[in-house]
Amino acid sequence: MALDPTEQHLRHVEKDVLIPKIMREKARERCSEQVEGWIGLNSFQKPYYWYHGLKDFTKCCKDSGILMVVKCRKENSALKECLTAYYHDPTFYEECKMEYLKEREEFRKTGIPTKKRLQKLPTSM
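A quick note: this is a predicted structure, and the numbers were derived from the prediction, not measured.

Rules behind the numbers
- Residues numbered from 1 in each chain as written.
- Predicted model: local features only at pLDDT ≥ 70, side-chain atom pairs only at ≥ 80, totals over all residues.
- Heavy atoms only, no water.
- Helix = DSSP H or I, 4+ residues; strand = E, 2+ residues; numbered from the N terminus.
- Contact = heavy atoms within 4.5 Å.
- Areas by Shrake-Rupley, 256 points an atom, 1.4 Å probe, with all protein chains shown as cover.
- Expected span 1.5 Å × (residues − 1).
- Buried < 20%, exposed > 50% of the residue type's maximum accessible area, 1.4 Å probe, protein only.
- Phe/Tyr/Trp six-rings, centres within 6.5 Å; stacked < 30°, edge-to-face > 60°.
- Arc of directions from axis to C-beta.

Draft legend 1. Summary view of the overall build of the chain. Of the regular secondary structure elements, the chain holds six helices and two strands. Counting from the amino terminus, the chain carries its helices and strands in the arrangement α-β-β-α-α-α-α-α. A separation of at least 24 residues holds for 54% of the contacts in the chain among residues at least 6 apart in sequence. Here the chain has roughly 10,000 Å² of accessible surface; of this, 59% comes from carbon and sulfur atoms.

Here's what the structure looks like:
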């Protein structure tokens, strides 16, 4: 019994595990790059932006050490808010679902997982 590569039906594990995994990865990437907005001018009279997300949270944790639980609440809250917004966005879910279906279709056609297809081929010397 061969599987149809273009089949759109999703199994339970695909809906509840695999697609949410893609959502987490993409949301984390997007939240780490997100720019909240322009704040003002720095000491060199150049505009600067307040960035929030994963980069600020990571920096705060590294700078704070053991006290990160107390000192990084603002950054952690901003990161959680950004991630939660993506997790509850139906269009974002559909985007990730379509990406998953495309990967699954390609796997069913070729038999090669995405990770292996994306790896660079070794070059001969």
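The rest of the description comes next.
Draft legend 2. Up close: helix H5 (residues 90-110). With 21 residues, H5 should reach 30 Å at 1.5 Å per residue; the first-to-last C-alpha distance of 30 Å fits that figure. Within H5 the residues assigned to the buried category are Phe92, Cys96, Tyr100, Leu101 and Arg104. Phi turns positive one or two residues past the end of H5, at Gly111, with a value near 80°.

Draft legend 3. Main features of the environment of Asn76. Within the secondary structure, Asn76 is located in helix H4 (residues 73-87). The class of Asn76 is partly exposed, set by a relative accessible area of 25%. A sequence separation of 16 residues divides Asn76 from Cys60, and the C-alpha atoms of the two residues are 9.3 Å apart.

Draft legend 4. Looking closely at the packing of aromatic side chains. Within this structure, the stated rule accounts for one aromatic pair. An angle of 55° between the planes, with centres 5.0 Å apart, marks the rings of Tyr86 and Phe92 as tilted. A relative accessible area of 2% means that Phe92 is categorised as buried.

Draft legend 5. Quick look at the side chain of Ser64. One can find Ser64 in helix H2 (residues 54-64). Excluding residues within four positions of it along the chain, Ser64 makes contact with Lys71 and Cys72.

Draft legend 6. Main features of H4. In this model H4 runs 21 Å from its N-terminal to its C-terminal C-alpha over 15 residues, within 8% of the 21 Å that 1.5 Å per residue would give. The complete set of buried residues in H4 reads Glu75, Ala78, Leu79, Cys82 and Leu83. Down the axis of H4, the smallest arc covering the buried residues is 125°, so these residues share one side. Pointing more than 90 degrees away from the buried face of H4 are the exposed residues Arg73, Lys74, Lys80 and Glu81.

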